[in-house]
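Observations on the three-dimensional arrangement
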Amino acid sequence: MNSHDLLPVHTGTVIEEDSLTLEQLCHACGVHADWVVSLVEESIIEPEGKEIQVWRFSGACLVRVRMIENIGCR
Amino acid sequence: MQYKDYYKIMGLSRTASQDEIKRAYRKLARKYHPDVSKEKDAEAKFKELGEAYEVLKDPQKRAAYDRLGSNWKAGEDFRPPPNWDEGFEFKGGGFSGGDAGAFSDFFEQLFGRAGFHPSGRAQHGSHLRGQDSHAKIYIDLEDSIRGSTRNISLSTPEMDAQGYVKVKHRSLNIKIPKGIKPGQHIRLSGQGGLGSGGGKPGDLLLEIAFNSHPLYRVSETDIYLDLPVTPWEAALGAKIEVPTPEGNVDLKIPANSRQGSKLRLKGRGLPGKMPGDFFVVLQIALPPANTERAKAIYRTMQQELDFNPRLPLGV
């Protein structure tokens, strides 16, 4: 038996396309909402939904925000 | 505790745009800055202004503040209604400027007292949820086709009690859901950074990437296979056996197929509510002219077929 077999199996949830709220995106990336709003204003990321309250971000937006944050463009 | 009308403090209506808020702050900050202002109570007004701006410039804090309603009068005795902040998770979400310690009881009651971090990065105060952590994992196409369990190793830099950074390794068995696509994320609740002061841990977000496959390419939910065919199979049509991740299938090649033609097997891509398709891209392979017989056949074709593939080039 492999030692890995003894570990519990974690079942996660898949983040579906356009399912992250502004708050979830901010928490996931550890950034401020106003900075994310400025990225949207510059069309660097494009959420679904017109009003800020109903914005939904995709996994691709998450990757992009983290990339920009990692290279220090803030 | 007294209610504070942040819009009134900034001389704005409740419908002010984020730009108007920014402009009003700049104007009033110049007016009340204690170093330059000749106004009475400049320092108190400057602090009040900083606090109002801290809330109104942040769309989440502003939305939550707006939810308190507009019937409150400045200075009125105030208690936040129960569950007033339901659906907003910004506590400790960071203070990007100003002296957080100078904010009023009203502000603290609503938004908590989180630490101020000079970079402006969200900082967690007491009793707060841990940071979400991220990792990219590589899986095989077959893991997504059938669903599987994978063991992954994660290295996480952590600060020890002495303040030194140490890399902590851990191993996790995770379930790969059937039909997951490259670029999608799996969220594992509670597997992220530790919370502070008894706060819940953050989540672990795993970004999915696929290992390159010797036969197939994946694009979104579609799978592509480059299929070598002979010139006569392409020209005359044929029924040939084609590998797919779920086993071999018989595929009919239509007559007069061209190099690069795409044939679609509907619904045989990545599984899911909207399953992807499987595309076969024809690659016409030429038999080598390495025997007298083969050369004779090519010469016959040369003589018998009126064929100039460079006609579109005008030569």
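Going by the structure above, here's the rest.
Residues numbered from 1 in each chain as written. Chains lettered and ligands numbered in written order. Predicted model: local features only at pLDDT ≥ 70, side-chain atom pairs only at ≥ 80, totals over all residues.

1. So, the overall build of chain B
Across its full length, chain B holds eight helices and eleven strands. For chain B, the residues scored as buried account for 25% of the 315 residues in total. When contacts within chain B are restricted to residue pairs at least 6 apart in sequence, long-range pairs at least 24 apart make up 57% of them. (Helix = DSSP H or I, 4+ residues; strand = E, 2+ residues; numbered from the N terminus. Buried ≥ 20, exposed ≤ 12 C-beta atoms within 10 Å, placed from the backbone. Contact = placed C-beta atoms within 7 Å.)

2. Considerations on the sheet that holds strand E5 (residues 204-210) of chain B
Read from one edge to the other, the open sheet built from four strands follows the order E2(A)-E4(B)-E5(B)-E1(B), with strand pairing classed as mixed. At either end of the open sheet lies a strand with only one pairing partner, and these are strand E2 (13-15) of chain A together with strand E1 (133-139) of chain B. Strand after strand, the sheet turns through a mean of 35° between neighbouring axes, direction not considered. (Pairing = 2+ DSSP bridges. Axes fitted to C-alpha atoms, helices over the stretch in contact; angles between N-to-C directions.)

3. A few points about unusual backbone geometry
All names here are of chain B. Backbone geometry places Glu220, a non-glycine residue, at a positive phi of 55°. By the secondary structure assignment, Glu220 is in the loop between strand E6 (216-219) and strand E7 (222-229). Owing to 11 C-beta atoms within 10 Å, Glu220 belongs among the exposed residues under this scheme. With a phi close to 60°, Asn256 is a non-glycine residue in the positive phi region. Residue position: Asn256 is located in the loop between strand E9 (249-253) and strand E10 (262-265).

4. As for helix H8 (residues 292-304) of chain B
Between its first and last C-alpha atoms H8(B) spans 18 Å; for 13 residues at 1.5 Å apiece the expected length is 18 Å, and the two agree. Within H8(B), only zero of the 13 residues are buried, which leaves it mostly out in the open. (Expected span 1.5 Å × (residues − 1).)

5. As for the nonpolar core
Counting 26 residues, the largest nonpolar core has Leu25(A), Cys26(A), Cys29(A), Val36(A), Leu62(A) and Val65(A) as the members making the most contacts within it. Within the residue set of this core, elements represented by two or more residues are helix H1 (22-29), helix H2 (33-41) and helix H3 (59-70) of chain A together with strand E3 (165-176), strand E4 (185-188) and E5 of chain B. Here this core gets five residues from one element, more than from any other, and that element is H1(A). For Cys29(A), the contacting residues outside a window of four places in its chain are Leu62(A), Val65(A), Arg66(A) and Glu69(A). Residues Met10(B), Ala24(B), Tyr25(B) and Val55(B) belong to the second largest nonpolar core, which totals 17 residues. (Core = buried A, V, L, I, M, F, W, Y, C linked by C-beta atoms within 7 Å.)

In short, shape yes, function no, at least from these values alone.
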